[in-house]
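Here are the chains, one letter per residue:
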Amino acid sequence: MPEGHTIHRLARDQRRDLVGAPLGASSAQERFVGGAARLDGQVLRRVEPWGKHLFQWYESGDVLHVHLGLIGKWQRRPSPPPLAVGEMRLRLEGPERTWDLSGPMVCRIVTPDDRDAVVARLGPDPLRPDADPDRMWSRLQRSDKPVGILLMEQDVVAGIGNVYRSELLNIVGIDPRRAGRAVTRDEFDALWAETVRQLRLGVRRNKIVTMSPAELGRPISRLARGAGRYAYKQEACGRCGTPLDVFPLAGRRTWACRACQPR
Ligand SMILES: [Zn+2]
């Protein structure tokens, strides 16, 4: 599943390609033909990411709400695009570029109130300038759940998935099994700052590579797939070389270093 940096990157690119001109909207799937017809010819005003959710605001007040889920994806093509194929839920054709959406978990047209109701259930998104870290802090402080589970709960903090969870906790030195309420304010401040820094890096690099250029030793374009990470799916800790422990948490495997992340 894409993590938050992917959605912010998509929003940035869609802003450049689609905002400001009337769009051609269509669907190759019966279930969204009506929705696409409603958007067809409208001007897109802005594109707003929040965690793993994307909202496109149209001139009429319609808001397109998209969540990619596990298999959904957006594809960007030059305009005019080739003939649409069957799995395409929505095509948005701009003057220069066309965006095709396939396989989303959520694709629906909602009102601004509906959008507010969705984001009311989400925690702060560290990539948004209006993010309030104290909301995440208060959730951690009230919880006996392991911090490695809390980081994956979208109503605690929006946009972190399994890769960033392992990386962030390794970098700041917190065992993922530690209770949320046992995280100190200093540790939390370090965790939040590193989360913001890493997600921004993810937007810029367009992939999850958490190591610094000096540690990488080669250009990102020449890294093997999955390389450039400290913990996620690694044999040994990228910070100290200790073999990593692997265990399930929130139904997904996580990696932790017993030297850097003492229990
Ligand atoms: Zn280590």
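Note that the coordinates shown come from a computational prediction; the quantities given were computed from them, not determined experimentally.

Trainee: Please explain the packing of helix H6 (residues 162-172) against helix H7 (residues 185-205) as it appears in this structure.
Mentor: A pair of packed helices is captured by two measures, namely the crossing angle of their axes and the spacing between those axes. Running from N to C, H6 and H7 cross one another at 130°; their axes reach a closest spacing of 10 Å. In terms of their interaxial angle, H6 and H7 are classed as oblique. Both H6 and H7 take part in a crossing whose hand is right-handed. On H7, the residues that touch Tyr 164, Leu 168, Leu 169, Ile 171 and Val 172 of H6 are Ala 190, Leu 191, Glu 194, Thr 195, Gln 198, Leu 199 and Gly 202.

Trainee: So what exactly am I meant to see when it comes to the coordination of the zinc ion here?
Mentor: The textbook angles at a metal center are 109.5 degrees for a tetrahedron of four donors and 90 or 180 degrees for an octahedron of six. Within the protein, the atoms that donate to the zinc ion are Cys 237 (SG), Cys 240 (SG), Cys 257 (SG) and Cys 260 (SG), at distances of 2.2 to 2.4 Å. Around the zinc ion sit four donor atoms; with metal-centred angles ranging over 99 to 113°, the donor geometry is tetrahedral. The sequence pattern formed by the donor residues of the zinc ion is C-x2-C-x16-C-x2-C. Residue Cys 240 is located in the loop between helix H8 (213-216) and strand S9 (245-249), and its partner Cys 260 is located in the segment after strand S10 (252-256); the two are separated by 20 residues in the primary sequence. Residue class for Cys 240 comes out partly exposed when judged on its relative accessible area of 40%.

Trainee: Please explain helix H2 (residues 30-39) as it appears in this structure.
Mentor: Because the α-helix completes a turn every 3.6 residues, residues three or four places apart line up on one side. Among the residues of H2, those classed as buried are Phe 32, Gly 35, Ala 36 and Leu 39. One side of H2 carries all its buried residues, which in axial view fall inside an arc of 100°. Pointing more than 90 degrees away from the buried face of H2 are the exposed residues Glu 30, Gly 34, Ala 37 and Arg 38. Among the structural elements, strand S1 (24-26), strand S3 (53-58), strand S4 (63-67), strand S6 (88-93) and strand S8 (106-110) are those in contact with the buried residues of H2.

Trainee: I would appreciate a short explanation of the packing of helix H1 (residues 4-18) against H7 in the present structure.
Mentor: Where H1 contacts H7, the two axes come as close as 8 Å, and the packing angle between them is 50°. Classified by the angle between their axes, H1 and H7 sit oblique to one another. The hand of the H1/H7 crossing is right-handed. Where H1 approaches H7, its residues His 5, His 8, Arg 9 and Arg 12 are matched on the opposing element by Leu 199, Gly 202, Val 203 and Arg 204. Counted by class, the contact of H1 with H7 contains two nonpolar, three polar and three charged residues.

Trainee: Help me out: how do you make sense of the sheet that holds strand S5 (residues 73-78) in this one?
Mentor: Within a sheet, neighbouring strands are paired by backbone hydrogen bonds and run either parallel or antiparallel to one another. On the basis of which strands lie adjacent, the open sheet formed by four strands has the order S1-S6-S7-S5 and antiparallel pairing. Edge strands, defined here as strands with exactly one partner in the open sheet, are S1 and S5. If you compare each strand with its neighbour and ignore which way they point, the axes differ by 15° on average. For S1 and S6, the ladder comprises three bridges, and the chain directions are antiparallel. Bridge assignment links Gly 24 to a residue of S6, and that residue is Glu 93. Taken strand by strand, H1 contacts S5, S6 and strand S7 (97-102), and its axis lies near 135° from that of S7.

Cut-offs applied
- Residues numbered from 1 in each chain as written.
- Predicted model: local features only at pLDDT ≥ 70, side-chain atom pairs only at ≥ 80, totals over all residues.
- Heavy atoms only, no water.
- Axes fitted to C-alpha atoms, helices over the stretch in contact; angles between N-to-C directions.
- Helix = DSSP H or I, 4+ residues; strand = E, 2+ residues; numbered from the N terminus.
- Parallel < 35°, antiparallel > 145°, perpendicular 65-115°, else oblique.
- Left-handed = near helix turned anticlockwise from the far one by under 90°.
- Contact = heavy atoms within 4.5 Å.
- Donors = N, O, S within 2.8 Å, 3.2 Å for Na, K, Ca; no water.
- Tetrahedral: all angles 85-135°; square planar, octahedral: opposite > 155°, others 65-115°.
- Buried < 20%, exposed > 50% of the residue type's maximum accessible area, 1.4 Å probe, protein only.
- Arc of directions from axis to C-beta.
- Nonpolar A, V, L, I, M, F, W, Y, C, P; charged D, E, K, R; others polar.
- Pairing = 2+ DSSP bridges.

Nothing here speaks to function; it is all geometry.
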